[in-house]
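# Overview (structure and organization)
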Protein chains: 2
Amino acid sequence: MDVSSLVERALTGERAAIARLLSLVEDGGPDVGTAMKVLYPHTGRAYTVGITGAPGAGKSTLTEKLVGQARGLELTVGVLAIDPSSPFSGGALLGDRVRMQSHATDAEVFIRSMATRGHLGGTSLATPEAVRVLDAVGKDVVIIETVGVGQAEVEITDACDTTLVVVNPGWGDAVQAAKAGLMEIADVFVVNKADRQGARQTVRELHQMLELSDAQWKPDIVSTVATKGEGITELWAAIEKHRAYQEEKGLLQSRRRRRVERELREIVAERFRARVEDETGSLLGELAGQVEARELDPYEAADRLISALS
Amino acid sequence: MDVSSLVERALTGERAAIARLLSLVEDGGPDVGTAMKVLYPHTGRAYTVGITGAPGAGKSTLTEKLVGQARGLELTVGVLAIDPSSPFSGGALLGDRVRMQSHATDAEVFIRSMATRGHLGGTSLATPEAVRVLDAVGKDVVIIETVGVGQAEVEITDACDTTLVVVNPGWGDAVQAAKAGLMEIADVFVVNKADRQGARQTVRELHQMLELSDAQWKPDIVSTVATKGEGITELWAAIEKHRAYQEEKGLLQSRRRRRVERELREIVAERFRARVEDETGSLLGELAGQVEARELDPYEAADRLISALS
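Cut-offs and rules
- Residues numbered from 1 in each chain as written.
- Chains lettered and ligands numbered in written order.
- Predicted model: local features only at pLDDT ≥ 70, side-chain atom pairs only at ≥ 80, totals over all residues.
- Heavy atoms only, no water.
- Phe/Tyr/Trp six-rings, centres within 6.5 Å; stacked < 30°, edge-to-face > 60°.
- Helix = DSSP H or I, 4+ residues; strand = E, 2+ residues; numbered from the N terminus.
- Buried < 20%, exposed > 50% of the residue type's maximum accessible area, 1.4 Å probe, protein only.
- Axes fitted to C-alpha atoms, helices over the stretch in contact; angles between N-to-C directions.
- Parallel < 35°, antiparallel > 145°, perpendicular 65-115°, else oblique.
- Left-handed = near helix turned anticlockwise from the far one by under 90°.
- Contact = heavy atoms within 4.5 Å.
- pLDDT = per-residue confidence, 0-100.
- Core = buried A, V, L, I, M, F, W, Y, C linked by side-chain atoms within 4.5 Å.
- Salt bridge = Lys/Arg side-chain N within 4 Å of Asp/Glu carboxyl O.
- Expected span 1.5 Å × (residues − 1).
- Arc of directions from axis to C-beta.
- Polar contact = N/O pair within 3.5 Å; in protein donor to acceptor, adjacent residues only side chain to side chain.
- Nonpolar A, V, L, I, M, F, W, Y, C, P; charged D, E, K, R; others polar.

## What about the packing of aromatic side chains?
- Applying the stated criterion to the full structure yields 3 aromatic pairs over all chains.
- When the ring of Phe272(A) is compared with that of Phe272(B), the centres are 3.5 Å apart and the planes differ by 0°; the resulting orientation is stacked. Of this pair, Phe272(A) sits in helix α12 (residues 251–279) while Phe272(B) is found in helix α12 (residues 251–279), placing the two residues in two different chains. Assigned by exposure class, Phe272(A) and Phe272(B) land together as buried.

## Considerations on the packing of helix α13 (residues 281–292) of chain A against helix α14 (residues 298–309) of chain A
Residues and elements named next belong to chain A.
- Interhelical geometry of α13 versus α14 gives an angle of 165° and a closest axis separation of 10 Å. Taken together, the axes of α13 and α14 are roughly antiparallel relative to one another. Crossing angle aside, the handedness with which α13 passes α14 is right-handed. On the side of α13, the interface is formed by Leu283, Leu284, Leu287, Gln290 and Val291, while α14 contributes Pro298, Ala301, Arg304, Leu305 and Ala308.

## Quick word on the confidence of the model for chain A
All names here are of chain A.
- With 83% of its residues at a pLDDT of at least 70, chain A reaches an overall mean of 84.
- Confidence drops under a pLDDT of 50 for residues 85–96, and excluding neighbours within four residues, the segment shows 22 contacts in the predicted structure.
- A low-confidence stretch, residues 117–121 (pLDDT under 50), is modelled with 19 contacts involving residues beyond four sequence positions or located in other chains.
- For this predicted complex, the interface confidence score (ipTM) comes to 0.80, while the overall pTM stands at 0.74.

## Brief notes about unusual backbone geometry
- At Glu74(A), a residue that is not glycine, the phi angle is positive and equals roughly 60°.
- Structurally, Glu74(A) is set in the loop between α4 (59–72) and β2 (77–83).

## Concerning the environment of Ala130(B)
Residue and element names in this part refer to chain B.
- Tracing the backbone shows Ala130 in helix α7 (residues 123–136).
- By relative accessible area, Ala130 is classed as buried at 0%.
- The sequence separation of Ala130 and Thr280 amounts to 150 residues, and the corresponding C-alpha distance is 29 Å.
- Setting aside residues up to four positions removed in sequence, Ala130 forms contacts with Leu22, Val25, Leu80 and Met114.

## Focus on the nonpolar core
- In this structure, Leu21(A), Val268(A), Leu21(B) and Val268(B) are the most contacted members of the largest nonpolar core, which totals 98 residues.
- Among all residues touching Val268(B), those that are not within four sequence positions of it are Phe272(A), Val276(A), Ala302(A), Leu305(A), Ile306(A) and Leu309(A).

## Observations concerning the pattern of salt bridges
All names here are of chain A.
- Enumeration according to the criterion identifies 36 salt bridges over all chains in this entry.
- Between Asp161 and Arg256 there is a salt bridge whose closest N-O contact spans 2.7 Å. Within this pair, whereas Asp161 is found in the loop between α8 (151–159) and β5 (162–167), its partner Arg256 is found in helix α12, the two being separated by 95 residues in sequence. With respect to class, Asp161 is no different from Arg256; both count as buried.
- Of the charged contacts, one joins Arg273 and Glu270 as a salt bridge, the two residues approaching to 2.7 Å between their closest N and O atoms. Of this pair, Arg273 and Glu270 both sit in helix α12, 3 residues apart, roughly one helical turn.
- Here the salt bridges do not stand alone but share partners, grouping Asp161, Arg256 and Arg259 into one network.

## Notes on helix α14 (residues 298–309) of chain B
All names here are of chain B.
- The end-to-end C-alpha distance of α14, which contains 12 residues, comes to 17 Å, matching closely the 16 Å that a straight helix rising 1.5 Å per residue would cover.
- All buried positions along α14 are accounted for by Pro298, Tyr299, Ala301, Ala302, Leu305, Ile306 and Leu309. Looking down the long axis of α14, one finds its buried residues gathered within 155° of arc, a one-sided arrangement.
- In this structure Asp297 caps α14, since a side-chain oxygen of it lies 2.8 Å from the backbone nitrogen of Tyr299.

## Some thoughts on helix α1 (residues 3–11) of chain A
Residues and elements named next belong to chain A.
- Of the residues making up α1, those classed as buried are Val3, Leu6, Val7 and Ala10. Buried residues of α1, seen end-on, are gathered within an arc of 100° and therefore sit on one face of the element.
- At its buried positions, α1 is contacted by α2 (15–27) and α3 (30–39).
- Where α1 ends, the next residue or the one after it, Gly13, has phi of about 95°, a positive value.

## Overview of the environment of Thr202(A)
- When you line up the elements, Thr202(A) lands in helix α10 (residues 199–211).
- For the pair Thr202(A) and Ala215(A), spaced 13 residues apart in sequence, the C-alpha separation works out to 21 Å.

## Observations concerning the packing of helix α1 (residues 3–11) of chain B against helix α3 (residues 30–39) of chain B
All names here are of chain B.
- Their axes nearest at 9 Å, the elements α1 and α3 cross at an angle of 45°. As summarised for this structure, α1 and α3 are arranged oblique, according to the angle between their axes. Like other packed secondary-structure pairs, α1 and α3 cross with a definite hand, here right-handed. Between α1, through Val3, Ser4, Val7, Glu8 and Leu11, and α3, the contact on the second element is made entirely by Asp31, Thr34, Ala35, Val38 and Leu39.
- Considered class by class, the residues forming the contact of α1 with α3 number 6 nonpolar, 2 polar and 2 charged.

Listed below in structure tokens is the structure:
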């Protein structure tokens, strides 16, 4: 089937077509551009929420509960769980994805794990493109859940309208959040597992750290016990509050526009990265060998690749 | 001062010059290429060890102890602590870096925190280039410590010869490691804080998971209590064992060559990403506006940027 008809079928809501389209985006390659061209006019409606935090913080459960909350409000939902791909993950991740199965029979919910390690451009392109697919097929809300903290999180932040940072009670967790650079990417802080000892202390530490910030928006700090569904209504309200703030101040538009600028730069970079691969294969290997042998420095080698491309 | 003379001074071992060179790499930009050209002939000697794992796993303390171990063997050491940059991190990270001060007066040790969030190319270029600086100025071992798990870790793995993955005792930590895609990037597993309950269980879980792998190299699993210096000799031996294995099988050379190929592709991509920024500034903003208004799809916009570049 050609890409355009795949997109057409996805736009009618056919789940298998949506799944195939997301696989296409995940793999990257020339067809993605074609798909995006057809999809693009249908996008721009979805609100995207990113969820990040250390492994084990309870992001999957929070995501599941937020899906329930959104469905209660009769909103349709897409979920992207961004995982570094792993030969082990098929098994190891199953537990989480199975939990999500409480929504699996709901036609208005589409859940997808995305592996990004194989993608040369990493999450930087695959994520916004996958969001666009779910946006185009009519999801009101797209939730992006990530594993771990680091570069990927920054990229996820770039891809969403409101970013939730999840921490757990415990000495130093707030400090670790700061250490991981999460303070300034958080639009809302979630202290999950708030029935554990130290929850109040963690909330206090976060408040103290946020006081040091001179950012205009002061993130709400919401305590939740996701496994019991506690605090989810409050969390949803905090997301809505952040959304309203951004819309009122005209920040949503500028945030999305910066996102597009970043994406365009990435598409250009990705194009040339792919061209190095496709058009200079043997030259690339040869030059790498010369660089390793110290006959050539990497920048000289890159210049030769660029010449070979033009 | 021009870049070439900065490099010359760094090569004599002048710490201030090394620090400035690393700042140059961190910031990116056209001078980096010049610096790399002069540095390059002096590189190729250092062995690089990457340390990754969740925040709070004890990576900084392990790094400090490994530095001590290497110094005991009269090896010179460079340390790169890769942090997502943060306005808060100056304070929050101080604790860790201060601990490292046990080596701060040792002229044969160079420790540097690197922020990478500002870098358009992320850690993918800044890290190997910083390693190259420390290699060129004569460090025998370069330790790369990272915060968190995710994309950044994968990139760090790409940049080093042996990757240590640090986990802590506790139910599910091994599963979380698998979830975060750490099983197949680990050359050595470190169960740190091994005096805590559940350490043996975690070691057992890791063994079980590794049995599922059909990779040729079976990572050692080393238990440590970094704060007390326990298990560090064993950890060093495991690193040496992995190194010997790679050298014997000719794998080190091929690993490094693949690394160079990846780096060359990244330099080419980065060049074009920078050119979009530098040469098409107003056009970029204009096109992003049209994309946001759904007048243009992102790939069409990227095509126009590429045309404008040629």
